[in-house]
Structures are given as C-alpha cells and as structure tokens.
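Structural overview
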Amino acid sequence: MVESIVLSGVAIGCIYALIGIAYNVMFSASRVFSFTAGTLGMLGGILGSLFILRMGMPIWFGFILALAGGALLGVVTEIVAVRPVLKSLDQHLYVLSTLALALIVQQYTAIEWSTEPQPFPRIFDVARGGFDQQLWLPMVACAITIVGLEVLYRHTLLGHAFLAIAEDNYAARALGLPERNLRMASYALAGAIGALAGFAGGQMLLAFFANAPLLTFYGFVPVALGGMGNNRGAVVAGLILGLFQQAANFLVGGIFASVAVFTVFIIVLLARPDGLAGASVGRRV
Amino acid sequence: MSMTRRQALKSAGAATIAGCLAKPAIAANDPILIGYLPALTGPSSSTGIGINRGVQMAVQEINAAGGVGGRQIELISRDTQSDPTKAVNGAAELTKGHKVNVVVGPINSGEAIPVVPLLARANVPQLHPCWVDQLADAKKYPLCFRNGPTNQQIGGAANRYVVEVLKKKKVAVISDTTGYGTASVNAYVPMLKTMGAEVVYQSNVDAANPDLKPEILRMQAAGAEAIMPWSVNAGFLSRIINTRGQLAWDVPICGQTTLGSGQTKALLDKPEYWNKVYPNNFRPVCYGANGNLPDRTKAFVDRLRSAKIDMSDTLLWWIAVGYDTPHLIAQAIKNVGAEPEKIVGYWNKLKDFPGVYGDISFTPDEHNGYPDKQIVMVEANSLKEGAFNLAPGYGAA
C-alpha cells in the first residue's frame, strides 16, 4: 500500500507541480496569475491524443506539435487576456480575462474534440508493470523541466533577461531589454510546460476536456503553498499535495479525500499566508 | 334598420375583440408539432446522440408514409447541451412560443427534473425515457409518461442478477458524486440488504480522480465478491475496470449500461479487461442464445442499415427508444386526435405497445410504462453493432 501511495502520489504531484510552474513562469513575466494554466495541461493531453492516435503521426512529432500548441495558446493568452489588463493590475481584471479565455478554449475543445474522455496513446511500447510509464513519465517530465529551467535561468543570456523582467520590468526596459517580446516568450515557455504536464500525464488523466478545471484548481495549490513565483516551492508543494491526496484516498477514500486535502490547504495558508516556502514582503506605509 | 355611428363602432369593436379571442381552427393539414429536448452536445450527449438517430428516423418514416391522418409531424428541436437551465428555457420556448402538441424529452434525468413540473403546469403531454424515480408520477404530473425503466427497476435487475443468478452475497457499491450516482447508491444499497446481500463497501468518489486503486483495494480487503458501479462517466467506469484488471482480481462488475458503451471500451488498457463485466440492458435489443436478435428488432436493424444509420458508436437501445417515441405519439394522435386530454386519455389505456425497445403499457395510476421482465444484464465484451449477448444465467427465454 505504501508503495502505491508513494508512486501514484509522486506521479500526480509532478503533474500538479508542472502546472504550478506554468503559473509561476507566467506570473514572473507579468505579475499576472493566468488561470489558463490548467487549460494548457488539458490541451497537452488532447493534442497528444489527436496528433498521435487520431491523425496517426509519429509519437515524437505529435509530442512536439502538442508542446507547440501549448506554446501558441500561451502567446495567445499574453496577447488577448494579459496585455490589455497589465496597466490596471491592481484591479485584478486578469482573473476575469484569463478565466474567460480558459473557458472559451475549454468549451471549444469540448465541442470539437469530445465531451467524453478519450484514450491517450502508450508512449513506449513496453508491457505494463507495477512502476508503469504512466507513473514515471510525469516524474521524468518534471525533472527535465526543473533542470531545464535552472540551466535556462542561471546559464543563458535569455534566462538572465527573463529574471531581469521578473525582478523589475521597468528597470529591465530602461536597460533596453525588449520587455514585451520577453513576456511573450515567457508565456510561450509556460504554455509548453503546461502542455508537457498534460502530455506526460495523459495516460493517467486521459484526453478529457474536463481536466482543465481540475488542473487549474489543483495546479494552483502548489503555487499558493510553495510561494508565488517560486518554482522550487511549487515542486515541493506539488509533491506534498500529490502524496497527501493519495494517502487520503487510501486512508479515508471517496469524496472525503478531497475534503481532507483542502482542509489541510486552508490550515497551512492560515498558518503561513505566504506559503510554505514564501517569505513575508515588507510593505511601506 | 338604421344604425347609429356609436352602434356601428360598438359592433366593429366587439367583432374585433371576438376575432382576437376566438381560438384559431386547426386546419386538417396543419403539421403536428412535437417539441423535442435532446442533449446533443455537452457531457451527457452520447445518450442523446444515439436516441436522436432513432427519433429522426421515426419522424422521417411517419412523414414519408403520409403523416398522421394526413398531417405531417414537425419536430421542433432544442439542444439542451446537457444543461438543466437550457432544458428549462427550451421547454418554455416550445410550450409558450411554438405551442407544441407534445414534448419528447428531456432525455437525461438531470435536465428532466426541472422540466417535468414546468410542462405539467403548461398542460402539455410529455413522454420521456429518464430513469430517476420521481420523474413519472400519475398524480403529481398526470400528463407525463415514461417509456423507459425507473432507477428502481434498473437497480432491481442488477441486484437480482448479482444476488440470485451469480449467487454473490458480499457486494461493493460505488458511484461518482453526481446526483444520479449518489441517488443510485442510496436506493440500491437498501435493496441489496433486503435481498440478503451484505454491502461490504459503499462509496461516492469524484469521477475526475485519476487513480481508483485505493478504492478497489479497499473493496478487495472488505471481501467483496462483486463490484456494482453506478455512473454514466466512461472515464470513471473504465478506471474501475482497468484497476480490477491490473490487480488481476477476478470479481464480476455489474451495473450501469455505460459499462458496455464504446466509450468505455476505448479507454480499457486491455480488451480482456472487459470480461466479466455485465451492464444493464434490455431483452428486446439483445442477442438471444441463438445469436440472433428478436424478429421485430432484426427488422428494425435492417431498416437502420438501409437508412445508413451508424450503430457501431452507440447502443441499439438508445436508437430503439428514440425510434419508439414518435410512434407512440403518432399512434395516439391517429386514434384520438392531438388535444392534450385526448392524448393523455389514450396513453392511460395503452396496453403492450409493441416497441422495438420494449412493450409499453400505461394505466391512469401508473405512468411508468417499461416492463420489469425486459430489463436484463448483458456481457459487455459481446458488443456488436450496439447490441449485446445476454449475461450468463438468463437462458434462452
């Protein structure tokens, strides 16, 4: 039982963590929480199934196209739902605009794709076992994303530019950095990461339009618990969430598992409003 | 006789008012308006899409044969999008705007729950196949008739099969958290206990939960000898079947018809996981021991093939219940006319209407028309053109 809790919990936790990272990448570039993050995950699963199973494309090509689809939605999010409301961030209009876009994409997907869950392809043609690919694929995807983002942010000029606009976009612009292009690139990156979460978790979650609200909701928990914009915090909190959710599934089961998860979530936020890894920020008065 | 200007104005006014108030005569060749509330899109649309094929075919056949007493049927359809609010709006539009003679549907219980009282107040006869028990009540809704089974009948058939045919006494009952799922568990668990079975596990689980292994392990630990899932969510049902298969746990799964749908099949890890899965179905649309459909159904399937209506991605009983419904209406109107009270009076005396889906009978006190004996369990893995073999134990009857 413990083995099952750990394997399933870490796998689903990695999917939540990836969605949390997608939230954070968009947040860092714009100070906006884009609620299209779960929709990106949903789209990764559906595009993977569409390209590989329905259209018969090779797996590697379907994978690249699915990530490209996610990146495209990321860019569209920036142009349609984020850029118009950036000047009035304090009014939090982005909540409405990003939720509206997410809803449009979700409903369009339901109409064009299917309202029933559809199968997702087996990525590797190997026999099913205890530690199946549906469990380790999200873990691998999460590990690659963490390492990739570390390399990008620490060792590349582009990554430094991303960090610069995340730190202070006015100063970055004053230094001549193309803030708008960098923001769009960040949203494209977040889109690809979100789609990767859906693709890697496709065998577990299936290609289903209703995964969007599920991932939007559960993907936000690691962000809130891990600290806004903190990727490492999101990964740790995502794993904790996955493990706790699976443990609750095993121990109390049924609908009470969700109740247990959100009870703990609320208690943690009451105790540490800035998240487990977040630090309190002083405010000038 | 001379008439003053005032008298002339009074007469003209009275004539105008009388003209406005007079009920327009229904011409003999005016179309019969059937309001139709299918869910053709949205999360519960797979049933609606199947039923719609039968409804459309029946209306085309009736109209091609000259209509009902020379009057064509006009189907005024409003897609509920699987949304109760849109179903209510559609029902109001059909009754107040189009003033339809009869309403068919809604065809999902969640949409029918608010629509049935609305149509009762509008005094429009209604025919629907929804299963939730309270959706046909001759005293509360005297114009509403059901040509499908009730939840009690469905659960009763499944419970009898598990307890009396398979002889399983320890049962696990699981559902999703929808109104249908929870209502089913609440209704069927006491029935099982009354029949002498022990419900060793009972739970409502979020259908979006990607991992049902904890639930299945808990059933196993409780000593369950059969699993009875109640949900229309193919993803949820396939996860139960897949997890049972991965654990190599050889207990039968008996329950909701969606267990045998093509959508559920498409989500199975291995085709053999569909073995020992027995969903509800209906004897007139099942293959008998000789591998053939009953004659009436066979002739119907031949007509479906001629009309090039696809059966491979749906269930035959969905098409059949859709097909029977306009015929039930047409027969009533042909015999007694299209006035609401006459249609209701005719249906109140209906005895063994020979539908493809089943033999429908109503009485003034009983508007649930589907017979118990025609509700059966089938072998999911025998699905062929939307129909199934009877589950083991039913014999050749």
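To be clear, the structure that these remarks concern was listed above.
Rules used throughout
- Residues numbered from 1 in each chain as written.
- Chains lettered and ligands numbered in written order.
- Predicted model: local features only at pLDDT ≥ 70, side-chain atom pairs only at ≥ 80, totals over all residues.
- Heavy atoms only, no water.
- Helix = DSSP H or I, 4+ residues; strand = E, 2+ residues; numbered from the N terminus.
- Rg over C-alpha atoms; globule rule 2.2 N^0.38 Å.
- Buried < 20%, exposed > 50% of the residue type's maximum accessible area, 1.4 Å probe, protein only.
- Contact = heavy atoms within 4.5 Å.
- Areas by Shrake-Rupley, 256 points an atom, 1.4 Å probe, with all protein chains shown as cover.
- Lys, Arg positive; Asp, Glu negative; His and termini not counted.
- Charge placed at Lys NZ, Arg CZ, Asp CG, Glu CD.
- Axes fitted to C-alpha atoms, helices over the stretch in contact; angles between N-to-C directions.
- Parallel < 35°, antiparallel > 145°, perpendicular 65-115°, else oblique.
- Left-handed = near helix turned anticlockwise from the far one by under 90°.
- Nonpolar A, V, L, I, M, F, W, Y, C, P; charged D, E, K, R; others polar.
- Expected span 1.5 Å × (residues − 1).
- Buried area = accessible area lost by both parts, 1.4 Å probe.
- Salt bridge = Lys/Arg side-chain N within 4 Å of Asp/Glu carboxyl O.
- Patch = residues over 30% accessible without salt bridge, like charges linked within 9 Å, V, L, I, M, F, W, Y side chains within 5 Å.
- Pairing = 2+ DSSP bridges.
- Core = buried A, V, L, I, M, F, W, Y, C linked by side-chain atoms within 4.5 Å.

Attention shifts here to the overall build of chain A. If you tally the helices and strands in chain A, you get 12 helices and 0 strands. Each helix and strand of chain A, placed in order from N terminus to C terminus, yields the pattern α-α-α-α-α-α-α-α-α-α-α-α. In terms of C-alpha radius of gyration, chain A reaches 18 Å, essentially the compact-globule figure of 19 Å for 285 residues. C-alpha extents for chain A along the principal axes are approximately 55 × 45 × 35 Å. Scored against the burial criterion, the 285 residues of chain A give a buried share of 56%. Excluding contacts between residues fewer than 6 apart, the proportion of contacts in chain A whose partners are at least 24 apart in sequence is 76%. Surface exposure of chain A reaches about 12800 Å², of which carbon and sulfur atoms provide 70%. Of the side chains in chain A, 14 bear a positive and 12 a negative charge, and the two mean positions are spaced by 8 Å.

Turning our eyes to something else, we now look at the overall build of chain B. Each helix and strand in chain B was counted, giving 12 helices and 14 strands. Overall, chain B is about 100 × 40 × 35 Å in size when its C-alpha atoms are taken along their principal axes. A total of 397 residues make up chain B; the buried ones form 54% of that total. Of the contacts made within chain B by residues no fewer than 6 positions apart, 67% connect residues no fewer than 24 positions apart. Total accessible area on chain B stands at roughly 16300 Å², and carbon and sulfur atoms take up 53% of it. For chain B, the centre of its 39 positive side-chain charges and the centre of its 33 negative side-chain charges are spaced 5 Å apart.

With that settled, the discussion passes to the environment of Leu53(A). Residue and element names in this part refer to chain A. Considering the arrangement of structural elements, one finds leucine 53 in helix H2 (residues 37-54). Leucine 53 sits in the partly exposed class, given a relative accessible area of 45%. Expressed as a C-alpha distance, the spacing of leucine 53 and phenylalanine 120, which sit 67 residues apart in the sequence, is 7.4 Å.

On to the packing of helix H10 (residues 211-226) of chain A against helix H11 (residues 231-251) of chain A. All names here are of chain A. Direction vectors running N to C along H10 and H11 enclose 125°, while the axes themselves pass 8 Å from each other. For the element pair H10 / H11, the angle class is oblique. The handedness of the crossing between H10 and H11 is right-handed. Residue-level inspection shows Tyr218, Val221, Pro222, Leu225 and Gly226 of H10 in contact with H11, the latter providing Gly233, Ala234, Ala237, Gly238, Leu241 and Gln245. Along the lines of polarity and charge, the residues of the contact of H10 with H11 split into 7 nonpolar, 4 polar and no charged.

Residue and element names in this part refer to chain B. The first and last C-alpha atoms of helix H5 (residues 151-165) sit 20 Å apart over 15 residues, in line with the 21 Å expected at 1.5 Å per residue. Burial within H5 is extensive, with 11 of its 15 residues counted as buried. Among the residues making up H5, those that are buried are Asn151, Gln153, Ile154, Gly155, Gly156, Ala157, Ala158, Asn159, Tyr161, Val162 and Val163. Where H5 is buried, its residues contact strand E6 (170-176), helix H6 (179-194), strand E8 (226-230), strand E9 (253-255), strand E10 (277-282) and strand E13 (375-384). Positive phi shows up at lysine 167, right after H5, with a value of about 60°.

The interface is formed by 26 residues belonging to chain B together with 21 residues belonging to chain A. Where chain B abuts chain A, roughly 2000 Å² becomes buried across the two surfaces, and 53% of that area is made up of carbon and sulfur atoms. Sorting the residues of chain B by area buried against chain A places Pro210(B), Arg218(B) and Leu267(B) first, and these three jointly supply 22% of that buried surface. Summed over the shared surface of chain B and chain A, the result is 0 salt bridges. The leading source of residues in the side of chain B that touches chain A is helix H7 (residues 213-221) of chain B, at 5 residues. Residues that form the side of chain B that touches chain A fall into these classes: 9 nonpolar, 10 polar and 7 charged.

A few words on a nonpolar patch on the surface. Residues Leu251(A), Val252(A), Ile255(A), Phe256(A) and Val259(A) make up a contiguous nonpolar surface patch of about 490 Å² in total accessible area. The class for Val252(A) is partly exposed, based on a relative accessible area of 46%.

We now examine the environment of Lys99(B). Residue and element names in this part refer to chain B. By the secondary structure assignment, lysine 99 is in the loop between helix H3 (84-97) and strand E3 (102-104). Among the residues examined, lysine 99 registers a relative accessible area of 60% and is labelled exposed. Put simply, lysine 99 and leucine 118 are 19 residues apart on the chain and 14 Å apart in space, counted from C-alpha to C-alpha. When neighbours within four sequence positions are excluded, lysine 99 is seen to be in contact with Leu33 and Leu94.

Before going further, it helps to spend a moment on helix H11 (residues 316-336) of chain B. Residue and element names in this part refer to chain B. The end-to-end C-alpha separation of H11 is 31 Å, in line with the 30 Å expected for 21 residues at 1.5 Å each. Judged by how many residues are buried, H11 sits mostly within the fold: 16 of 21 residues are covered. At the exit of H11 stands glycine 337, carrying a positive phi of roughly 100°.

Let us now look at the pattern of salt bridges. Residue and element names in this part refer to chain B. Counting across every chain of the model gives 15 salt bridges over all chains. Ionic pairing is found between glutamate 61 and arginine 303, a salt bridge with its closest N-O pair at 3.2 Å. Of this pair, glutamate 61 sits in helix H2 (residues 45-64) while arginine 303 is found in helix H10 (residues 295-306), placing the two residues 242 residues apart along the sequence. The partly exposed category is assigned to glutamate 61, whose relative accessible area is 26%.

Here the focus is the pairing of strand E14 (residues 387-390) of chain B. Residues and elements named next belong to chain B. Note that E13 and E14 share 3 bridges and pair antiparallel. Across the sheet, residue lysine 384 finds its bridge partner in E14, namely alanine 387. Taken together, E13 and the strand that follows it, E14, pair antiparallel across an intervening segment of 2 residues, in which glutamate 385 is found at a positive phi of about 50°.

In this section: the nonpolar core. With 107 residues, the main nonpolar core has Met219(B), Phe282(B), Phe300(B), Leu316(B), Trp317(B) and Trp347(B) as its most contacted residues. With 12 residues, H11(B) is the single largest residue contributor to this core. Among residues more than four places away in sequence, those in contact with Trp317(B) are Trp131(B), Thr257(B), Asn281(B), Phe282(B), Val285(B) and Tyr357(B). Ranked by size, the runner-up nonpolar core spans 81 residues in total, among them Leu43(A), Ile165(A), Ala207(A) and Leu225(A).

What follows deals with unusual backbone geometry. Where the residue is not glycine, phi is negative for most of them; where a peptide bond is considered, it is trans in most cases. Residue and element names in this part refer to chain B. Between glycine 105 and the following residue, proline 106, the backbone shows a cis peptide bond with an omega angle of 0°. Within the fold, proline 106 resides in the loop between E3 and helix H4 (109-122). In this structure, glutamine 81 takes a positive phi of about 55° despite not being glycine. By the secondary structure assignment, glutamine 81 is in the loop between strand E2 (73-77) and H3. A positive phi angle, close to 65°, is found at serine 82, a residue other than glycine. Note that serine 82 resides in the loop between E2 and H3. Classification of serine 82 by relative accessible area gives buried; the value is 14%.

All names here are of chain B. A sheet is described by the order of its strands in space; here 5 strands give the open sequence E2-E1-E3-E4-E5, paired in parallel fashion. Only two strands of the sheet have a single neighbouring strand rather than two, namely E2 and strand E5 (144-146). Each adjacent strand pair in this sheet contributes to an overall mean axis angle of 25°, direction not counted. Pairing between strand E4 (residues 126-128) and E5: 3 bridges, direction parallel. By the bridge assignment for E5, glutamine 126 is matched with cysteine 144. Contacts between H2 and the sheet are confined to strand E1 (32-36) and E2, with E2 contributing the most and set at about 155° to the helix. Lying on the sheet, H4 is in contact with E3, E4 and E5; it crosses E4 at an angle near 160°.

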